[in-house]
Amino acid sequence: AQRVTQPEKLLSVFKGAPVELKCNYSYSGSPELFWYVQYSRQRLQLLLRHISRESIKGFTADLNKGETSFHLKKPFAQEEDSAMYYCALNSGAGSYQLTFGKGTKLSVIP
Amino acid sequence: GAGVSQSPRYKVAKRGQDVALRCDPISGHVSLFWYQQALGQGPEFLTYFQNEAQLDKSGLPSDRFFAERPEGSVSTLKIQRTQQEDSAVYLCASSLVVLTGELFFGEGSRLTVL
């Protein structure tokens, strides 16, 4: 069974400081990994996925199969980055399900 | 609107009551998902529809939970004889492609069972 672990429930950083939101997964195959974000009073939305290897709003995430991690990083945090961030996994091979972590609340202190 | 619409946004039910939650996906989206999100947890998969076919219902927690999408568009999640542990936000999401790609979520229906 697949599992996604986000070890931090809450992460507080100062504006302009680097941010790293941790995500570890357990799955023996070749999963697809995603980061979803929920800003205050907004719906859950896709931030980025590992297969596209793009930077969205300054965030990047690299899939490390050796460490089974997919950490989300941004070099300089902005106040508007404050939100709930969820890491999610799809096992691929025709699977429909996304398995989500419990989420990390990022608070950027001005 | 162009997004996924869910109703009601808030529902309070007495234990034992039946509830029905509605989801209007984005027009033309083939895939429709229901997720349950308990307080402090991430969303957990309940069920998946491809058009009107329910292809996966492995996440439904008990036979009190039932979902349908009869015409391949609007979907209803029904919970019979609600229990306190059913209290959660129920999220609907739709996707243009068949397999999991980018999911577009609704705002959710918050169910509180007293």
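What counts and what doesn't
Residues numbered from 1 in each chain as written. Chains lettered and ligands numbered in written order. Predicted model: local features only at pLDDT ≥ 70, side-chain atom pairs only at ≥ 80, totals over all residues. Heavy atoms only, no water. Contact = heavy atoms within 4.5 Å. Buried area = accessible area lost by both parts, 1.4 Å probe. Salt bridge = Lys/Arg side-chain N within 4 Å of Asp/Glu carboxyl O. Polar contact = N/O pair within 3.5 Å; in protein donor to acceptor, adjacent residues only side chain to side chain. Helix = DSSP H or I, 4+ residues; strand = E, 2+ residues; numbered from the N terminus. Pairing = 2+ DSSP bridges.

*Asks:* Tell me about the interface of chain B and chain A, and name the residues and values.
*Replies:* Of the residues lining the interface, 23 residues belong to chain B; the matching set on chain A comes to 16 residues. Of the roughly 1700 Å² buried at the junction of chain B and chain A (both faces included), carbon and sulfur atoms supply 54%. The interface formed by chain B and chain A holds 2 salt bridges in total. A salt bridge links Glu107 of chain B to Arg43 of chain A, with the nearest nitrogen and oxygen atoms 3.7 Å apart. Applying the counting criterion to the chain B and chain A interface returns 7 residue pairs in polar contact (both at pLDDT 80 or more). Looking at which element gives the most residues to the side of chain B that touches chain A, the answer is strand β4 (residues 31-37) of chain B, with 3 residues.

*Asks:* Any chance you could break down the sheet that holds strand β3 (residues 19-21) of chain A for me, citing the residues and the numbers?
*Replies:* Across a sheet, strands are paired by hydrogen bonds formed along the backbone, either parallel or antiparallel in direction. Spatial strand order, β3-β8-β7 (chain A): 3 strands in an open sheet with antiparallel pairing. On the outer flanks of this sheet lie β3 and β7 (60-61) of chain A, each paired with one strand and no other.

*Asks:* Describe the environment of Gln84 of chain B, naming the residues involved and giving the relevant values.
*Replies:* Mapped onto the elements, Gln84 of chain B comes out in the loop between β8 (75-79) and β9 (88-95). Discounting residues that sit within four places of it in the chain, Gln84 of chain B has contacts with Arg15, Val113 and Leu114 of chain B.

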